[in-house]
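# A structural walkthrough
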Amino acid sequence: MPINNLYGQPVKVKLDNSPQVLALQCLAVLCASQDFDFFYFVQQWPGSYCDSKQGCCYPITGKPASDFSIHGLWPNYNDGSYPSNCDPQAQFNPSQISDLTSRMQKDWPSLSCPSSDGLSFWSHEWEKHGTCSESILDQHDYFASALLLKRQSNLLQILKNAGIQPNGQYYSLDGIKAAIRGGIGHTPYIECNVDPSGNSQLYQIYVCVDTSGSNLIECPVLPRGTCGSRIEFPSF
């Protein structure tokens, strides 16, 4: 639709496509896409990942330790939805986390098949989830924050202190939640999967973190899902 002046005459409008203006426009869009309310910090039990019909493959560095491992640090909204793939230009760059690689191989291994060095797993986590928090955490800080959170919430030791061991026995779901709540001060979400016989087993534990990526908080909203009242804690 043409634009006219006060006398009804057409006016030529010159669009400002200067690099500065375009950069500001892109930044505005990027910042809007990165708005989020909290993180889910998700750890998985390798014994449950492997004890399913899909099976697992150990990393090329060998079998991981018998401990919870990081799945991801995921930005989320208070309504339960989440942003994803917020910045296609910010691709994963292994050189930016070279000082973290050995710790990530230990604490953030990939168990998917075929065996790998974990790079594709970390790339997926950064590009899908991490880019949605890069206004706060750059790539290095994103992974470093997750590693620090794992050390701050030693889930396996917390459960062992409550007499809950990864020994193939069944434990009360409420007892597992209570033990973790007592250990970290906040209520977790427990995700289950099933073994080849269809038995419910402890798979993933979600805790919530503030937008700085540093402090555990009470979850504003929990994922949807169900577990049995008693669930298996398989060995690994």
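Residues numbered from 1 in each chain as written. Predicted model: local features only at pLDDT ≥ 70, side-chain atom pairs only at ≥ 80, totals over all residues. Heavy atoms only, no water.

### Regarding the layout of surface pockets
Selection criterion: With a 1 Å grid spanning the protein atoms alone, the term cavity applies to any set of points in which a 1.4 Å probe fits but cannot get out, the term pocket to an open set with protein on both sides within 12 Å along at least five of seven lines, and the term lining residue to any residue with an atom within 4 Å of a point. Grid points are joined across faces, edges and corners, and a volume is the space filled by probe spheres set on the points. Polar here means any residue outside two lists: the nonpolar Ala, Val, Leu, Ile, Met, Phe, Trp, Tyr, Cys and Pro, and the charged Asp, Glu, Lys and Arg; Gly therefore counts as polar.
The space that makes up the largest pocket amounts to roughly 230 Å³. Forming the boundary of the largest pocket are 13 residues, of which Tyr-40, Asn-76, Gly-80, Tyr-82 and Pro-223 lie nearest the centre. Across the lining of the largest pocket, the residue classes break down as 7 nonpolar, 3 polar and 3 charged.

### Some remarks on the side chain of Asp-210
Cut-off, in case you're wondering: Comment: elements are numbered from the N terminus, with helices defined as DSSP H or I runs of at least four residues and strands as E runs of at least two. Each residue gets one of three labels from its accessible area relative to the maximum for its type: buried under 20%, exposed over 50%, partly exposed in between, using a 1.4 Å probe on protein chains only. We treat Lys and Arg as the positive residues and Asp and Glu as the negative residues; His and chain ends play no part in the count. Every case where a carboxyl oxygen of Asp or Glu lies within 4 Å of a side-chain nitrogen of Lys or Arg is listed as a salt bridge. In the analysis that follows, any N or O atom pair within 3.5 Å is treated as a polar contact, provided that within protein one partner can donate a hydrogen and the other can accept it, and provided that, for residues neighboring in sequence, both atoms belong to side chains. Throughout, a residue-residue contact means that at least one pair of heavy atoms, one from each residue, lies within 4.5 Å.
Structurally, Asp-210 can be placed in the loop between β5 (200–209) and β6 (216–217). It is Arg-103 that comes nearest to the buried, bridge-free Asp-210 among opposite-charge side chains, at 17 Å. Polar side-chain contacts of Asp-210 include one of 3.5 Å to the backbone nitrogen of Ser-214. Those residues in contact with Asp-210 that lie beyond four places of it in its chain are Phe-39, Asn-215 and Ile-217.

### Focus: the nonpolar core
Spelled out, the test is: Buried Ala, Val, Leu, Ile, Met, Phe, Trp, Tyr and Cys residues form a nonpolar core when they are joined through side-chain atoms within 4.5 Å.
Counting 46 residues, the largest nonpolar core has Phe-68, Trp-108, Phe-143, Leu-159 and Phe-233 as its most contacted members. Look past the residues within four positions of Leu-159 in its chain and what remains in contact with it is Phe-68, Ile-164, Ile-176, Ala-179, Ile-180, Leu-202 and Phe-233. Ranked by size, the runner-up nonpolar core spans 8 residues in total, among them Tyr-40, Val-42, Tyr-206 and Cys-219.

### With respect to the environment of Trp-122
Counting through the fold element by element, Trp-122 comes out in helix α4 (residues 119–128). Distance from Trp-122 to Met-104, taken between C-alpha atoms, is 9.0 Å for residues 18 residues apart in sequence. In this structure, Trp-122 is in contact with Phe-92, Ile-97, Thr-101, Met-104, Gln-105, Trp-108, Asp-117 and Phe-143, ignoring residues within four places of it in sequence. Here Trp-108 takes part through its backbone oxygen, which lies 2.8 Å from a polar atom of the side chain of Trp-122.

### Thoughts on the packing of aromatic side chains
For any two aromatic rings, the description comes down to two numbers: the centre-to-centre distance and the angle of the planes. The condition is simple: Whether two aromatic rings pair depends on their centres lying within 6.5 Å, for rings of Phe, Tyr and Trp, where Trp uses its six-membered ring; planes under 30 degrees apart make the pair stacked, over 60 edge-to-face, and the rest tilted.
Applying the stated criterion to the full structure yields 13 aromatic pairs. Ring centres 6.1 Å apart and planes at 35° place the aromatic pair Phe-68 and Phe-233 in the tilted group. Highlighted residues: Phe-68 in the loop between α2 (46–50) and β2 (69–76) and Phe-233 in strand β7 (residues 230–233), separated in sequence by 165 residues. Here Phe-68 falls in the buried class, since its relative accessible area comes to 2%. With a centroid separation of 5.2 Å and 80° between ring planes, the pair formed by Tyr-189 and Tyr-206 is classed as edge-to-face. A residue pair is termed long-range when its members are at least 10 positions apart, and Tyr-189 in strand β4 (residues 189–194) and Tyr-206 in strand β5 qualify at 17 residues. Exposure class is identical for Tyr-189 and Tyr-206. Each is buried.

### Focus: empty space enclosed by the protein
Tallied over the entire structure, the rule returns 1 cavity of 30 Å³ or more. A volume near 50 Å³ is recorded for the largest cavity. In this structure, the largest cavity is lined by Pro-59, Thr-61, Gln-105, Trp-108, Pro-109, Ser-110, Ser-116, Asp-117, Gly-118 and Trp-122. When the residues that make up the lining of the largest cavity are grouped by side-chain class, the tally is 4 nonpolar, 5 polar and 1 charged.

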